[in-house]
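Each chain, written out:
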Amino acid sequence: MQAESLLEGLTEPQQAAVRHTDGPLLVLAGPGSGKTRVITRRAAFLARTVARPEQILAITFTNKVAAEMAERMARLGVGRGLTCSTFHAFCARLLRTYADRAGLNPNFSIFDEADQAAAMRSAVQRAGLSTENYSPARMLEAVGRCKNDMILPEECARTATDFAGRAVAAIYEQYQAVLAAQNALDFDDLLVRAALLLGEDPRLRDALQERFRYVLVDEYQDTNHAQYLIARGLSLDHRNLCVTGDPDQSIYAWRGANIGNILRFEEDFPDARVIRLEQNYRSTPQILRAAGSVIRRNRGRKPLELWTSNADGPPVRVVQCESGEQEAAFVASEIRAHAEAGGTFGQVAVFYRTNSLSRQIETALQQARISYQVARGVAFFQRREIKDVLAYLKLIVNPADAVALTRIINVPARGIGDATVAALLKQAEAAGRPALELAASPEEIPGIRAAAAARLRAFAGLIAEARATARQGSVRDTVEHVVRHSGLIAGWGRDESGEELENVQELIHAAGAFDRRRAGEADPGDRSEPLVDWLQEISLVSDVDAVDPQRGAVTLMTLHAAKGLEFDLVFITGVEHGLLPHERSLQQPGDLEEERRLLFVGMTRARRALTLTWARWREQRGALRRTSRSVFLKELPGEEVAWLKVGEDDRTRYDTPAGEAEDRPSFRAWPAGAMVRHPEHGLGRLERVEPAGRQTRAVVRFMDGQMRSFVLEFSELQSVDPDEIGDLDNARWEP
DNA sequence: CCGATCTAAATTTTT
DNA sequence: TTTAGATCGG
């Protein structure tokens, strides 16, 4: 395929982006503007004109996108030579390859959230503080914030001004010591250590820049400072850095993402070419205008003027339901109707702000016999039985991993109690030796009885045998060996459901798939251990990685996971105050804007039809709670939106006029005695309505006892449901 | 040391 | 609703 043919079917700005080869490039790409297409074509164009595929590095947000991109490149006929990876996977690979230069052992463990919590618990204790006052979760948050900003323990200590700050600094230092002793890195460390390595080792940086002549970073609006440094470090000299993104889709500030990275790209690279992709090929004008009307409320943004020449579609719908259950039933019945009209389940997605909302939807879809998939790849690896098996495997690779060891040394119960484990770990720390190694020679542990010593030795032998299997090279065989010889199966035996065994079988299956994949791309120069690679791969899976668009199933996912995807039919559920925006985002005004962007991302996933739903009653932690609709719903344009209610009688009613039904109910519908709210005077009760055409007045008695009269057409009176007032004493309203 | 049983606490989003 | 940690009898 010739390079010029890669420009076929592209618009003017898209072509400009593809044709740009050397020098910094910023592509501001609105939702649905063909960004993925442009990125792939551009990489192919580079490979056809100025570079070999091996010289191109593309960093994407999820493994799935990375794999898809490699696939597309192959289809464009430029082979699989280019490197497509996430930041975390790229850094992990880099740190294993150059472990000696990074001061690491190449078999380091990657600690997930639970591992981190365990490490943090002991770090707090080592700092001489109580985990009661310094909750590990809180401390991990604080330490994570430091790491995202590339603040090392020393700087953290130096800049601490108060007692709490000094405590965090001390804990941070201990936490890093705990990780180091276990030859482990957490997610953030992968980025921090890679950034440090690039900063401190100019020769390595040169070598990498020689290798990767063209660097591309997608979703640049969601990069944190460490990632920014890595991207810079990889392109400082050749300056062939292309970043793509959209500030309006930045949804990871809570994880340290710095929207300033993309907003200031032109200051960083004054000679940067900036290309804006503003034409939307995905959505109907109705969806686009509704989304635009919401995102417009955000301050301090670089607005993209989104437009589309797509055909009109149905109005965006806002549906008020009585309960979460009814909301789920409504969504299910709509999907069923879609299918009966000839649509497929694969075209449909249901989004929600928090994972806990998926349950009711799942139940309703099951009842309606609708096949679905939940984007929760990570959850599988968090199941107890899976974590147990993985802990055995991690220990094979990294005998210093005390978190893994502590987890399974007595699982299944083999008579090794807390006291023995504590003695083992204490001695391991004192001697600076891997805990597993010491378990193999327990005579070196002071105060250990013969019976306990024998059990420790047996355990160490178990792992040694499994390691021998691992050396044969098959991950599948190793997993099977562990499952068979660890005694875990007997421990699950009592649960008749057999769920654990099923899940572990799935794990074995996944290992087998990995073996086959690896055999397929056998690289004689690759001397990395398969088990190490597999453990790394599953440590870095993301929720969306589990989604298979070909499965013909409705996709359920959080709004965060939805980024970058598109569906014909989209339902966004739980659009309620406290849920979206989430109540924990109501403290700082900046957080509210991120919630708005989150909704924007969700809305712009829809191609043909978009439905936002909310429920007046929502079950949380088993208790029913009264809710109110999201403030964002009031930001929707009146003309584009159809407001619906699903009542207790289970029938759907259309309110008229469209868009006004919720905020300004038809006043005729107000009976005397109805509750109303006025922005200035607060709550009141409607005394009477005096009909006079457009001059119709409402007379309201307010809580202060005053009667006031308003011309309905101009008044800012709003209807209020009596039960929305909650525990207000109704008696005081009676004359 | 084991396991059953109870109580308390927690849920925002994720590589 | 689920889960982690504490407590206690065997």
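The following refers to the structure shown. Being a predicted model, the structure only gives us computed values, none of them experimental.

**A closer look at the overall build of chain A**
Here's step 1: When helices and strands are tallied, chain A shows 28 helices and 22 strands.
Here's step 2: Across the 735 residues of chain A, 53% fall into the buried class.
Here's step 3: Carbon and sulfur atoms provide 48% of the accessible area of chain A, an area that totals close to 33700 Å².

**Quick look at the side chain of Q182**
Here's step 1: Along the polypeptide, Q182 turns up in the loop between α9 (163-181) and β5 (184-186).
Here's step 2: The contacts of Q182, once residues within four sequence positions are left out, are F111, N398, A400, D401, A402 and V403.

**Things to note about helix α7 (residues 136-148)**
Here's step 1: Between its first and last C-alpha, α7 extends 18 Å over 13 residues, near the 18 Å set by a 1.5 Å rise per residue.
Here's step 2: When we look at burial in α7, the residues that qualify are P136, M139, L140, A142, V143, G144, C146, K147 and N148.
Here's step 3: Positive backbone phi, approximately 65 degrees, marks M150, located one or two places after α7.

**Quick look at empty space enclosed by the protein**
Here's step 1: For the structure shown, the criterion picks out two cavities of 30 Å³ or more.
Here's step 2: Put simply, the largest cavity is a space of about 100 Å³.
Here's step 3: Lining the largest cavity are R96, N107, F108, S109, I110, K394, V397, N398, V532, L535, Q536 and S539.
Here's step 4: Every element with two or more residues in the lining of the largest cavity is listed here: β4 (109-111), α19 (384-397) and α27 (530-539).

**Some thoughts on the nonpolar core**
Here's step 1: Within the largest apolar cluster, 50 residues are counted, with the highest numbers of intra-cluster contacts made by V389, L393, F459, V479 and W534.
Here's step 2: Excluding residues within four positions of it along the chain, L393 makes contact with T478, V479, V482, L531, W534 and L535.
Here's step 3: I110, M150, L190 and L198 belong to the second largest nonpolar core, which has 44 residues in total.

**Observations concerning the protein's contact with DNA strand B**
Here's step 1: Taken together, the neighbourhood of DNA strand B is formed by 28 residues, with R353, N410, G415, S542 and R584 sitting nearest.
Here's step 2: Side-chain polar atom of H88 to a base oxygen of DNA strand B: 3.0 Å apart, as the coordinates give it.
Here's step 3: The residue makeup of the surface near DNA strand B, split by class, is eight nonpolar, twelve polar and eight charged.

**Points about the pairing of strand β13 (residues 567-572)**
Here's step 1: By the criterion of burial, β13 is predominantly enclosed, with six of the six residues buried.
Here's step 2: As defined by bridge partners, strand β10 (residues 348-352) adjoins β13 across four bridges and the pair is classed as parallel. Bridged to F351 within β13 is I572.
Here's step 3: Here β13 runs beside strand β14 (residues 606-620); their pairing, made up of five bridges, is parallel. Residue pairing across strands places V570 opposite L610, the latter belonging to β14.

**Some points on the pattern of salt bridges**
Here's step 1: Taken as a whole and judged by the stated rule, the model has 41 salt bridges.
Here's step 2: Between E437 and R433 there is a salt bridge; the shortest N-O distance is 3.2 Å.
Here's step 3: Exposure remark for E437: the relative accessible area of 40% places this residue in the partly exposed category.

**Let's talk about helix α1 (residues 12-19)**
Here's step 1: Inspection of α1 places Q14, Q15, A16, A17 and V18 among the buried residues, and these make up the whole buried set.
Here's step 2: Contacts made by the buried residues of α1 are with β1 (25-29), α2 (35-49) and β8 (273-277).

**Some remarks on the packing of aromatic side chains**
Here's step 1: Under the definition given, this model contains seven aromatic pairs.
Here's step 2: Measuring from centroid to centroid gives 6.0 Å for F90 and F212, while their planes differ by 65 degrees, and the two rings are edge-to-face. With F90 in helix α4 (residues 87-97) and F212 in the loop between α11 (202-211) and β6 (214-217), this pair connects stretches of sequence that are 122 residues apart.
Here's step 3: A relative accessible area of 4% places F212 in the buried class.
Here's step 4: Here Y252 and W254 contribute two aromatic rings whose centre-to-centre distance is 5.6 Å and whose plane-to-plane angle is 40 degrees, an arrangement assigned as tilted.
Here's step 5: For Y252, a relative accessible area of 9% translates into the label buried.
Here's step 6: Accessibility expressed as a relative area gives 55% for W254, which makes it exposed.
Here's step 7: Looking at R96, its charged tip hangs above the ring of F108, at a distance of 4.0 Å from the centre.

**Re the packing of α1 against α2**
Here's step 1: For the pair α1 and α2, the least separation of the axes is 8 Å and the interaxial angle reads 40 degrees. It follows that α1 is oblique to α2 by the angle criterion. The handedness of the crossing between α1 and α2 comes out as right-handed. Facing Q14, A17, V18 and R19 of α1, the residues of α2 in contact are V38, R41, R42 and F45.
Here's step 2: Here the residues of the contact of α1 with α2 are counted per class, giving four nonpolar, one polar and three charged.

**Comments concerning unusual backbone geometry**
Here's step 1: In this structure, P412 follows V411 across a cis peptide bond, with omega equal to 0 degrees.
Here's step 2: Tracing the backbone shows P412 in the loop between α20 (402-408) and α21 (418-431).
Here's step 3: In this chain, L580 is followed by P581 through a cis amide linkage whose omega measures 5 degrees.
Here's step 4: Inspection of the secondary structure assignment puts P581 in the loop between β13 and α28 (589-603).
Here's step 5: Located in the positive-phi region is M150, a residue other than glycine, with phi close to 65 degrees.
Here's step 6: With respect to the helices and strands, the residue M150 is situated in the loop between α7 and α8 (153-159).
Here's step 7: A residue is classified by how much of its surface remains accessible, and M150, at 14% relative accessible area, is buried.
Here's step 8: Here E219, not a glycine, exhibits a phi torsion of approximately 50 degrees, which is positive.
Here's step 9: Inspection of the secondary structure assignment puts E219 in the loop between β6 and α12 (225-233).

About the thresholds
Residues numbered from 1 in each chain as written. Chains lettered and ligands numbered in written order. Predicted model: local features only at pLDDT ≥ 70, side-chain atom pairs only at ≥ 80, totals over all residues. Heavy atoms only, no water. Helix = DSSP H or I, 4+ residues; strand = E, 2+ residues; numbered from the N terminus. Buried < 20%, exposed > 50% of the residue type's maximum accessible area, 1.4 Å probe, protein only. Areas by Shrake-Rupley, 256 points an atom, 1.4 Å probe, with all protein chains shown as cover. Contact = heavy atoms within 4.5 Å. Expected span 1.5 Å × (residues − 1). 1 Å grid on protein atoms, 1.4 Å probe; cavity = no way out; pocket = protein on both sides within 12 Å on 5 of 7 lines; lining within 4 Å. Points joined across faces, edges and corners; volume = space filled by probe spheres on them. Core = buried A, V, L, I, M, F, W, Y, C linked by side-chain atoms within 4.5 Å. Near = heavy atom within 4 Å. Polar contact = N/O pair within 3.5 Å; in protein donor to acceptor, adjacent residues only side chain to side chain. Nonpolar A, V, L, I, M, F, W, Y, C, P; charged D, E, K, R; others polar. Pairing = 2+ DSSP bridges. Salt bridge = Lys/Arg side-chain N within 4 Å of Asp/Glu carboxyl O. Phe/Tyr/Trp six-rings, centres within 6.5 Å; stacked < 30°, edge-to-face > 60°. Lys NZ or Arg CZ within 6 Å of the ring centre and 35° of its normal. Axes fitted to C-alpha atoms, helices over the stretch in contact; angles between N-to-C directions. Parallel < 35°, antiparallel > 145°, perpendicular 65-115°, else oblique. Left-handed = near helix turned anticlockwise from the far one by under 90°.

In short, geometric facts, not functional conclusions.
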